[in-house]
Amino acid sequence: LNYIRTCLVRDKVSVIYADTDSCFVESQNNNLDSLISESKEIVNKINLSFDDYVKKYNLSEHFFSIEIDKIYESLLFVKSKKKYMGMMLFTGDKKIEPKLHLVGFDIKRRDTPVFAQKLLFNIYQMILKTKDKDEIVKTLKDSLKFIENEDKRNLGITMRVGKNTKDYLVNA
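Small disclaimer: the values here were computed from a predicted structure and weren't measured.

Participant: Which residues make up the pairing of strand E3 (residues 70–77), and what values go with them?
Facilitator: With seven bridges connecting them, E3 and strand E4 (residues 84–91) associate as antiparallel partners. Note that in E4 the partner of lysine 70 across the bridge is threonine 91. Counting the residues between successive antiparallel strands, the hairpin from E3 to E4 contains six residues, one of them, lysine 82, with a positive phi of roughly 55°.

Now the structure itself:
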């Protein structure tokens with residue numbers, strides 16, 4: 001990945017985050033079609049350069065290859081590793097309607113109440129789309145007011161009991 005980062009920086013591509021298996025770059029290009037083309041050019045250039053790279057190590061063949069995984073309209077990284085959210089516009093080699101993509105957030109966990117999942121989903125979208133702090137705070141306050149009217153099953157945590165209830169001992 002260091003080699004890929006070096007290539008990107010050399011070509012004046014802004015690297016905003018890189019880890020062991022991914023590299024995120026920033027573009028000022030706002031047109032999705034031209035951004036896809038620009039991204040494909042960068043990927044092709046790096047993939048072609050791997051032949052010269054391996055020659056430095058006296059290798060004649062390799063299996064190095066990178067690809068475009070996703071393109072985001074907006075992206076937010078959290079301090080912990082592998083934790084980010086973005087509004088995805090492109091994935092799997094095709095354009096898609098803007099879609100919230102979460103990595104490392106607990107919103108999808110079984111022990112997160114449905115009400116909290118819905119609220120967090122809306123808040124995350126607002127953060128990535130509007131970035132208006134006052135509107136986000138208002139939504140949070142309004143949502144908390146509506147808890148009283150929410151179906152109580154949506155407020156609970158789904159858990160599974162592994163034994164028959166008669167098999168649990170009561171310590172008195």
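Participant: Hey, could you go over the pattern of salt bridges for me, with residue numbers and the actual values?
Facilitator: Inspection of every chain in the model, using the stated rule, returns nine salt bridges. A salt bridge links lysine 45 to aspartate 11, with the shortest nitrogen-to-oxygen separation between them at 3.3 Å. In this pair, lysine 45 is assigned in helix H2 (residues 32–55) and aspartate 11 in the loop between helix H1 (2–10) and strand E1 (14–18), connecting sequence segments 34 residues apart. According to the relative accessible area criterion, lysine 45 is partly exposed, its value standing at 46%. Between aspartate 93 and lysine 40 there is a salt bridge, and its shortest N-O distance comes to 3.9 Å. Remark: lysine 40 occurs in helix H2 and aspartate 93 occurs in the loop between E4 and strand E5 (94–103); sequence separation between them is 53 residues. Among the ionic contacts, a cluster of salt bridges with common partners joins Arg10, Asp11 and Lys45.

Participant: I'd like a rundown of the sheet that holds E5, residues and numbers included.
Facilitator: Strands sit in the order E3-E4-E5 across an open sheet of three strands; the sheet is antiparallel. Looking at the sheet topology across the chains shown, the edges are occupied by E3 and E5. If you compare each strand with its neighbour and ignore which way they point, the axes differ by 15° on average. Each of E3, E4 and E5 touches H2; the most contacted strand, E3, lies at about 95° to it. The sheet strands contacting helix H3 (residues 114–129) are E3, E4 and E5, and the helix crosses E4 at an angle near 75°.

Participant: So, the packing of aromatic side chains: which residues are in play, and what are the values?
Facilitator: Aromatic rings in a pair are described by how distant their centres are and how their planes are angled relative to each other. Taken as a whole, this structure holds 13 aromatic pairs when the rule is applied. An angle of 50° between the planes, with centres 5.8 Å apart, marks the rings of tyrosine 17 and phenylalanine 24 as tilted. The same class applies to tyrosine 17 and to phenylalanine 24, which are both buried. Plain terms: the ring middles of tyrosine 53 and phenylalanine 64 are 6.4 Å apart, the flat faces sit at 55° to each other, and that makes the pair tilted. With tyrosine 53 in helix H2 and phenylalanine 64 in the loop between H2 and E3, this pair connects stretches of sequence that are eleven residues apart.

Cut-offs used in this document
All chains use their own residue numbering, which begins from 1 and follows the written sequence. With the structure being a predicted model, the display of local features is reserved for residues of pLDDT at least 70 and the display and counting of side-chain atom pairs for 80 or more, all residues being used for whole-chain, interface and lining totals. Side-chain measures were taken over the full set of non-hydrogen atoms in the model, leaving aside hydrogen atoms and water. What makes two strands pair is DSSP finding at least two bridges between them. Helix and strand assignments come from DSSP, with helices taken as H or I runs of at least 4 residues and strands as E runs of at least 2, each series counted from the N terminus. The salt bridge criterion pairs a side-chain nitrogen of Lys or Arg with a carboxyl oxygen of Asp or Glu, the two atoms within 4 Å. Relative accessibility under 20% of the residue-type maximum defines a buried residue, over 50% an exposed one, and the middle range a partly exposed one, all with a 1.4 Å probe and only protein chains included. Convention adopted: a line fitted to C-alpha atoms gives each axis, helices being fitted over their contacting stretch, and angles between N-to-C directions are expressed from 0 to 180 degrees. For this analysis, residues touch if any pair of their heavy atoms sits within 4.5 Å. Centre distance within 6.5 Å is the pairing criterion for rings of Phe, Tyr and Trp, where only the six-membered ring of Trp is used; planes under 30 degrees apart are then read as stacked, over 60 as edge-to-face, and the remainder as tilted.

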